[in-house]
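So you can see what is in the structure, the chains are spelled out below.
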Amino acid sequence: VPRGRCSEECLPGFRKSVREGYHSCCYNCAPCSEGEISNHSDSELCKKCPENEWPNKAKTICIDKVIEYLSYEEDILVLFFSITSVIFAATSLLILGLFVWFWSTPIVRANNRNLSFILLFSLILSFLSVFLFLGRPVDITCMLQQASFGIPFTISASSILAKTIMVFIAFKATRPGNSCRKWVGVKLPNTVMLFCSSIQVTNCIVWLSISPPFQEYDMDSYPGEILIQCNEGSVIGFYTMLGYMGFLAAVSFVLAFMVRTLPDSFNEAKYITFSMLVFCSVWIAMIPAYLSTRGKYMVAVEIFAILTSSAGILLCMFSPKLYILLLKPEMNTRGTMLGKRLLLKQRINKTKRELQI
């Protein structure tokens with residue numbers, strides 16, 4: 001075929017395009033469109049790469065797309081998350097050991113020590129659940145990811161709610177003739193914790209039975225990349241789980257805020273208020289960031305929220321008790337724990353005796 005003198009040869013990576021107003025043997029050279037290649041000169045058309053491949057920079061051959069996920073080999077974030085998770089889980093285990101060692105002391109017994117042990121154990125599980133989010137996702141890890149942090153988190157929130165209710169009832173019970181006295185004890189908080197946790201367990205079982213999370217290959221979000229991620233399956237199940245945790249945290253925050261000024265030297269309601277404020281703030285900020293990202297960065301946002309909120313609960317709830325246990329052991333007495341309330345009660349009793357005399 002004779003070659004026209006009005007056009008240069010189109011190199012690989014380009015295709016012929018019509019030059020308006022000239023003879024048909026005259027043409028322009030246009031680069032191939034995104035996702036297409038041409039591997040010989042003067043191509044009439046470019047051909048599209050397969051779904052799992054992408055053109056090289058010259059658009060002459062198709063190469064495999066880059067696979068993106070939180071990899072142990074390539075991402076420094078994985079190392080950071082792993083070390084942070086282990087440190088906080090070990091810290092929680094150490095605190096649990098200290099509480100067992102000081103089992104019978106007033107500071108450990110304050111506001112139901114069994115709930116404190118359950119709270120610490122659930123925080124350990126929450127920190128360790130991070131490892132299910134790291135590495136290449138597969139169907140089984142996708143199914144376990146959300147339940148592995150949702151259920152321990154709910155147990156933590158339920159334990160804190162039960163503690164808050166006990167503080168609230170204890171405050172009401174100090175008033176003469178109040179009917180709340182009959183609820184003081186270990187039975188009510190244990191029932192509250194089990195009931196609230198069972199609702200989340202039921203939700204997760206229904207979610208995983210009907211529409212469980214699964215591994216997903218996202219080939220369209222970013223050109224030249226395959227995002228391996230977990231699809232939540234039922235979006236309703238996922239946001240019901242998050243919403244229920246938020247509901248428990250909000251109720252705990254409101255109740256604790258109401259009784260934060262109790263006349264005790266050690267008032268756990270103040271620390272519950274701070275811990276629930278941290279919890280709610282982290283997850284409210286996490287949702288828009290979670291929805292606006294894709295792939296490994298979306299997973300990193302969720303991991304950051306898990307670690308931050310768990311660490312906030314751990315520090316706010318247990319650092320005051322650790323301070324007294326380790327640095328101020330002379331304050332670890334019943335009189336010091338009750339403080340102003342005990343003094344007020346003694347004054348009332350003294351006044352009653354004087355009036356009787």
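Every value quoted in this text rests on a predicted model; they were computed, and no experiment measured them.

Q: Would you mind going over the sheet that holds strand β7 (residues 66-68) in detail, with residue names and values included?
A: Taken together, the three strands give an open sheet; going across it, the order is β7-β9-β8, and neighbouring strands pair in mixed fashion. Bordering the open sheet on either side are β7 and β8 (214-218), each of which pairs with just one other strand. Here the average twist between neighbouring strands, direction ignored, is 25°.

Q: Give a detailed account of the environment of G246, specifying residues and quantitative values.
A: Assignment of secondary structure puts G246 in helix α6 (residues 235-258). Considering only alpha carbons, one finds G246 and F279, 33 residues apart in sequence, at a separation of 8.4 Å.

Q: Describe empty space enclosed by the protein, listing the residues and the values that go with them.
A: Taken as a whole and judged by the stated rule, the model has one cavity of 30 Å³ or more. What the largest cavity holds in volume is close to 140 Å³. Elements that contribute at least two residues to the lining of the largest cavity include exactly α4 (139-173), β9 (225-231) and α8 (296-327). The element that contributes the greatest number of residues to the lining of the largest cavity is α8, accounting for four residues. Looking at the lining of the largest cavity residue by residue, the classes come out as nine nonpolar, five polar and three charged.

Q: Explain the pattern of salt bridges residue by residue, including any values.
A: One pass over the full model with this rule turns up four salt bridges. Close ionic contact of K296 with D75 constitutes a salt bridge, the shortest N to O distance being 2.9 Å. Note that K296 is positioned in helix α8 and D75 in the loop between β7 and α1 (76-101), a separation of 221 residues in sequence. In this pair, the class of K296 matches that of D75, namely buried.

Criteria and thresholds
- All chains use their own residue numbering, which begins from 1 and follows the written sequence.
- Only residues with pLDDT of 70 or above have their local features reported here, since the model is predicted, and side-chain atom pairs are shown and tallied only from 80 upward, although totals for entire chains, interfaces and linings are computed over all residues.
- Heavy atoms throughout the structure, all of them, feed into the side-chain values; hydrogens and water do not.
- We call two strands paired when DSSP finds no fewer than two bridges between them.
- Only DSSP runs of H or I with at least four residues qualify as helices, and only runs of E with at least two residues qualify as strands; both kinds are numbered from the N terminus onward.
- Angular values range over 0 to 180 degrees, each being the angle between N-to-C directions of two axes fitted as lines to C-alpha atoms, with helices fitted over their stretch in contact.
- In the cavity and pocket records, a cavity denotes points on a 1 Å grid over the protein atoms alone where a 1.4 Å probe fits but cannot get out, a pocket denotes an open set with protein on both sides within 12 Å along at least 5 of 7 lines, and lining residues are residues with an atom within 4 Å of a point.
- Grid points are joined across faces, edges and corners, and a volume is the space filled by probe spheres set on the points.
- Residues were grouped as follows: Ala, Val, Leu, Ile, Met, Phe, Trp, Tyr, Cys and Pro as nonpolar; Asp, Glu, Lys and Arg as charged; and all remaining residues, including Gly, as polar.
- By convention in these notes, a salt bridge is any Lys or Arg side-chain nitrogen within 4 Å of a carboxyl oxygen on Asp or Glu.
- A 1.4 Å probe rolled over the protein chains alone gives each residue an accessible area, and that area as a share of the maximum for its type sets the label: buried under 20%, exposed over 50%, partly exposed in between.

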